[in-house]
Amino acid sequence: MLRFLLLFSRQGKLRLQKWFTPVTEREKKKVIREMTLMVLARPPRSCNFLHWRDLKIVYKRYASLYFCCGLEDQDNELLTLEVLHRYVELLDKYFGNVCELDIIFNFEKAYFILDEFLMGGEILETSKTAVGIAMEEAETLQEVTPPPPPPPLTHTHGHLSLTHLPKYVNMFSVLFTDNGGVYE
Amino acid sequence: MPAVSKGDGMRGLAVFISDIRNCKSKEAEIKRINKELANIRSKFKGDKALDGYSKKKYVCKLLFIFLLGHDIDFGHMEAVNLLSSNKYTEKQIGYLFISVLVNSNSELIRLINNAIKNDLSSRNPTFMCLALHCIANVGSREMAEAFAGEIPRILVAGDTMDSVKQSAALCLLRLYKASPDLVLMGEWTSRVVHLLNDQHMGVVTAAISLITCLSSKNPDEFKTCVSLAVSRLSRIVSSASTDLQDYTYYFVPAPWLSCKLLRLLQCYPPPEDGAVKGRLVECLETILNKAQEPPKSKKVQHSNAKNAILFEAISLIIHYDSEPNLLVRACNQLGQFLQHRETNLRYLALESMCTLASSEFSHEAVKTHIETVINALKTERDVSVRQRAADLLYAMCDRSNAKQIVAEMLSYLETADYSIREEMVLKVAILAEKYAVDYSWYVDTILNLIRIAGDYVSEEVWYRVIQIVINRDDVQGYAAKTVFEALQAPACHENMVKVGGYILGEFGNLIAGDPRSSPLVQFNLLHSKFHLCSVPTRALLLSAYIKFINLFPETKATIQEVLRSDSQIRNSDVELQQRAVEYLKLSSIASTDVLATVLEEMPPFPERESSILAKLKKKKGPGAVSVELEDGKERGECVNFNPKPQRTSTPSPSADLLGLRSTAPASGATPSAGSLLVDVFSEAGPSATSAGVNDDGFLRFVCKNNGVLFENQLLQIGIKSEYRQNLGRMYLFYGNKTSVQFVSFNTTLNVQTKTVEPLVEGGAQVQQVINIECLTDFIDAPLLNIKFRYGGALQNISLKLPVTINKFFQPTEMAAADFFQRWKQLSQPQQEAQKIFKASHGMDTEVLKAKLLGLGTALLENVDPNPENYVCAGVIQTKAQQVGCLLRLEPNAQAQMYRLTLRSSKDTVSQRVCDLLAEQF
């Protein structure tokens with residue numbers, strides 16, 4: 001089973017954290033720090049797997065975001081890479097060309113999509129359609145609320161490239177020169 | 001279809017997030033957050049009742065602030081209110097908040113549980129799923145208590161929607177992992193197993209995680225899952241890539257389910273039913289065949305999914321370790337991957353091959369890849385891949401390739417990453433010793449190790465080379481010559497000086513005939529290093545010097561001069577000063593004969609397990625080197641020293657688990673128990689189980705060594721005991737509490753021994769000493785029978801002597817990373833013993849700590865992520881072997897329960913220590 005899933009940017013800003021076992025806040029901070037340090041320091045084209053404490057770490061970079069998870073000894077590393085990929089696909093399907101900004105501004109949606117896909121660190125549903133339907137159903141249950149929609153986000157600038165195209169990476173690094181403070 | 005167009009966006013939240021992102025400094029961010037917190041607080045406290053939307057928005061803002069890393073101390077109540085909203089988005093945000101910020105506030109938990117209960121019984125599948133997610137996310141004991149009974153019912157009910165079944169299965173798994181005692185499968189077992197047959201692939205995928213976990217803990221109850229899993233697997237493997245529609249992932253049919261099925265089968269031995277087994281072998285062959293087919297897609301997702309199944313199939317083949325044909329095919333497949341252009345596959349292939357190397361069927365096949373692996377060690381750019389290559393070389397090493405592998409590892413050491421050097425040094429030292437055919441090679445290798453990586457050569461390594469040189473007279477001359485040459489280097493490592501000092505001090509005479517290494521040359525060479533060394537090395541050198549005086553009388557004057565110098569005889573270090581003074585005096589006043597006797601060559605060391613092996617075991621966890629331990633024959637042939645029986649009483653090998661020898665007390669003042677020299681069967685005889693045995697005292701001594709073992713109106717028996725490594729000594733004090741003498745007083749230890757001094761005067765005490773040697777691990781304690789006459793009446797007392805396996809613990813300190821690595825290596829089910837039990841005493845921290853220390857293990861701080869928990873580590877020393885042992889104790893103060901988990905390389909040890917310790921709290 002997965003123990004945790006972290007999404008962080010190239011600058012080490014945490015964008016999403018999901019813990020599948022009880023962890024103290026202090027320990028969470030420690031793990032987040034160690035993961036970002038370790039993963040960000042890896043040279044490009046290294047393998048996607050690491051040993052850390054008693055866990056296997058599997059990580060992959062999509063555009064400006066690193067997806068990183070810790071799994072137990074018996075778990076399959078290659079398949080975990082595809083868990084990450086399937087999650088990116090689901091985000092992409094929901095947001096349409098997902099980008100880091102989508103995840104920042106709709107963080108609760110990113111958690112909901114994850115919940116449709118994983119539970120307690122195990123795969124709940126692998127079918128993209130089934131997860132999509134669950135999200136759709138949830139949407140139709142929502143009543144239109146009075147306030148006007150928020151200002152449109154400029155997520156046409158780049159998405160979490162599913163094919164690792166370097167041009168997106170560059171665009172992201174320009175787009176996300178962080179102005180400090182957030183998610184430190 | 002971006003979410004923002006769907007009308008549920010919260011404008012205020014988006015603005016707030018924008019504001020935070022625009023903050024130029026940490027201070028500005030904190031200021032903005034504080035402003036928002038004040039605003040939300042006033043809204044929550046305001047007179048106006050908030051509508052659901054606002055409540056949702058504010059709760060969501062709080063959640064955002066919390067996820068930024070700030071503390072949130074309010075808003076929980078509003079979040080709980082949202083749970084009972086009938087608007088989905090409000091409920092959803094409420095649940096998310098609760099899941100992330102669960103609070104142990106009992107009032108709140110009750111309210112949350114109520115809301116969950118309502119949603120579970122709502123029959124609205126979306127609400128039910130939300131509630132199940134919340135339970136799984138929180139997973140607390142209170143929730144398990146409230147819902148562990150209900151969820152299995154939802155899981156197997158005929159009218160439950162598929163999506164709810166999926167959530168229920170994984171929710172139950174989460175509760176089972178958190179509180180196994182509360183999840184009782186009993187009546188549901190067979191219906192849960194049959195979920196493997198469910199029409200809906202999603203349900204099977206979710207349910208199999210639950211079934212795998214339950215099977216690994218209760219294999220017998222769930223064993224019917226094997227044939228179901230095989231037939232499900234067979235259907236998937238033989239299906240075309242389009243058959244499974246949505247569950248086909250990049251042209252691979254149901255990769256997640258396939259891997260889970262193969263993982264489930266690894267909880268069991270190969271199927272006994274021939275048909276089932278045949279079908280499974282067919283599946284495994286198909287999977288291996290598919291690996292050779294051209295890929296259906298160039299996408300990495302396709303190959304990852306396909307290879308994930310392949311690796312899982314190979315794990316199963318290795319787990320069975322019974323199909324030579326499949327093992328060799330698996331090995332060949334991994335061999336292909338070793339040269340694959342994908343780094344990930346090379347990494348995994350190296351890792352998998354390590355386990356394959358220990359199978360007798362595939363060991364030879366693995367060895368054929370040696371050149372590739374060596375190449376990987378030299379050329380891989382990624383350190384984690386190089387590390388796997390080094391592990392594999394170690395695993396595939398045997399007599400035939402030892403020289404090559406050791407040479408490669410040595411040359412790799414020169415450039416190896418600092419993080420793995422110490423482990424590499426240990427591995428080289430072990431391989432060199434294990435496969436040494438001629439000892440000059442061994443000596444060369446170790447000296448090379450010290451030269452190349454001296455800083456990483458631990459004491460165990462250089463102690464070991466000295467032990468071996470001392471025990472093998474055919475290598476002593478060569479060792480002296482080599483070490484002498486090594487010391488010529490202008491800069492040599494301090495460890496080299498230690499080895500050099502020791503060996504020349506013992507065997508310098510063997511090379512003294514050569515004028516180039518005459519006694520004085522040797523001495524000057526050693527002494528030229530003296531001032532560069534630390535105190536312990538200097539102390540060792542001083543001892544070497546006095547040995548020189550004995551070996552070479554002609555050096556006496558020179559050495560005495562050195563000893564007499566102020567820098568020695570007035571050295572500020574007490575140890576050095578004392579040695580200088582004593583050695584000087586000794587060399588001045590003792591006659592040649594006395595000197596020769598005192599400074600005689602060291603006698604051979606008793607044969608024992610390599611301390612290096614123990615060190616690596618400590619580093620890697622006991623599981624990692626069990627192969628070597630079983631490899632006794634080979635060790636015997638190559639490196640064992642002339643075993644000299646150290647003890648006159650060799651216990652009979654078949655029956656003795658614990659060698660006990662009672663000996664006479666040292667002083668004659670007390671009535672003596674006589675000089676007993678008996679071997680006792682520690683396997684308790686029939687009397688051990690008889691009702692008359694007094695157990696209470698026994699258990700009190702698990703965590704302590706001294707105290708009163710037994711007391712009644714007549715007799716008090718006190719105990720003092722001490723243990724070192726696998727030896728112990730126990731003093732028994734029999735006190736006569738009466739004023740009348742006891743007659744015919746005798747004690748028996750399981751088998752009849754000689755009588756003790758038959759009279760114990762009123763008010764007097766007799767003492768008995770028992771020497772204990774632990775030969776191998778054991779369960780039953782020795783039984784002590786005491787008989788005497790008091791007045792006319794015959795008294796008969798049977799006691800278990802409090803000798804328990806934990807007495808032979810050596811505490812082992814280690815860092816968290818080491819602990820977890822070792823813990824992980826002991827992951828086989830039989831290596832673990834676990835107990836969950838009610839606290840029978842207070843749960844005071846200090847008392848718990850004292851007990852755990854009393855157990856004999858080291859109490860490790862800052863290891864467990866939860867500071868409430870305790871973890872300990874130690875090595876049990878027996879004559880036969882050392883057993884590394886890891887322990888974790890998780891107290892739950894609210895429930896007054898403990899969970900105790902023991903892992904060790906020996907199942908009987910895990911179980912026994914677990915049983916003993918569980919009685920202590």
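Here, the structure is the one placed above.
So, here is what we can say about the structure in this document.

Reading the values: the criteria
- Residues numbered from 1 in each chain as written.
- Chains lettered and ligands numbered in written order.
- Predicted model: local features only at pLDDT ≥ 70, side-chain atom pairs only at ≥ 80, totals over all residues.
- Heavy atoms only, no water.
- Contact = heavy atoms within 4.5 Å.
- Buried area = accessible area lost by both parts, 1.4 Å probe.
- Salt bridge = Lys/Arg side-chain N within 4 Å of Asp/Glu carboxyl O.
- Polar contact = N/O pair within 3.5 Å; in protein donor to acceptor, adjacent residues only side chain to side chain.
- Nonpolar A, V, L, I, M, F, W, Y, C, P; charged D, E, K, R; others polar.
- Pairing = 2+ DSSP bridges.
- Helix = DSSP H or I, 4+ residues; strand = E, 2+ residues; numbered from the N terminus.
- Axes fitted to C-alpha atoms, helices over the stretch in contact; angles between N-to-C directions.
- Parallel < 35°, antiparallel > 145°, perpendicular 65-115°, else oblique.
- Left-handed = near helix turned anticlockwise from the far one by under 90°.

## Comments concerning the interface of chain B and chain A
So, point 1. Tallying the contact residues gives 89 residues for chain B and 79 residues for chain A.
So, point 2. Carbon and sulfur atoms supply 58% of the area buried between chain B and chain A, which totals about 7800 Å² over both sides.
So, point 3. Broken down residue by residue, the surface that chain B buries against chain A is led by B:Arg21, B:Trp256 and B:Lys824, which jointly contribute 10%.
So, point 4. Summed over the shared surface of chain B and chain A, the number is 3 salt bridges.
So, point 5. Linking chain B with chain A are 26 residue pairs in polar contact (both at pLDDT 80 or more), by the criterion used here.
So, point 6. Residue classes in the side of chain B that touches chain A are distributed as 45 nonpolar, 25 polar and 19 charged.

## Here we look at the pairing of strand 3 (residues 49-52) of chain A
Note on strand geometry: in a regular strand, side chains alternate between the two faces of the sheet.
So, point 1. Note: strand 3 of chain A against strand 4 (residues 55-62) of chain A, 4 bridges, orientation antiparallel. Looking at the pairing, A:His51 lines up with A:Lys56 of strand 4 of chain A.

## Thoughts on the packing of helix 24 (residues 439-453) of chain B against helix 26 (residues 473-487) of chain B
In a packed pair of helices, the relevant descriptors are the angle between the two axes and the axis-to-axis distance.
Residue and element names in this part refer to chain B.
So, point 1. It is at 10 Å that the axes of helix 24 and helix 26 come closest, and there the two elements cross at 25 degrees. Viewed along their axes, helix 24 and helix 26 adopt a mutual orientation that is roughly parallel. Along this stretch, helix 24 crosses helix 26, giving a crossing that reads as right-handed. Residue-level inspection shows Tyr 439, Ser 440, Val 443, Asp 444, Leu 447 and Arg 451 of helix 24 in contact with helix 26, the latter providing Val 475, Tyr 478, Ala 479, Thr 482, Val 483 and Ala 486.
So, point 2. A breakdown of the residues in the contact of helix 24 with helix 26 according to their chemical character gives 8 nonpolar, 2 polar and 2 charged.

## Notes on unusual backbone geometry
So, point 1. In this structure, A:Ala63 is a non-glycine residue whose phi angle is positive, near 50 degrees.
So, point 2. By the secondary structure assignment, A:Ala63 is in the loop between strand 4 and strand 5 (65-71).
So, point 3. Although it is not a glycine, B:Tyr250 sits at a positive phi angle of roughly 45 degrees.

## Some remarks on the sheet that holds strand 1 (residues 2-9) of chain A
Residues and elements named next belong to chain A.
So, point 1. With antiparallel pairing, the 5 strands of this open sheet are ordered in space as 2-1-5-4-3. If you trace the sheet from one side to the other, it starts and ends with strand 2 (14-19) and strand 3, each paired once. For this sheet, the mean inter-axis angle between neighbouring strands, taken without regard to orientation, is 20 degrees.
So, point 2. Here strand 1 pairs with strand 5 via 7 bridges, running antiparallel. Bridge pairing in strand 5 links Leu 5 to Cys 69.

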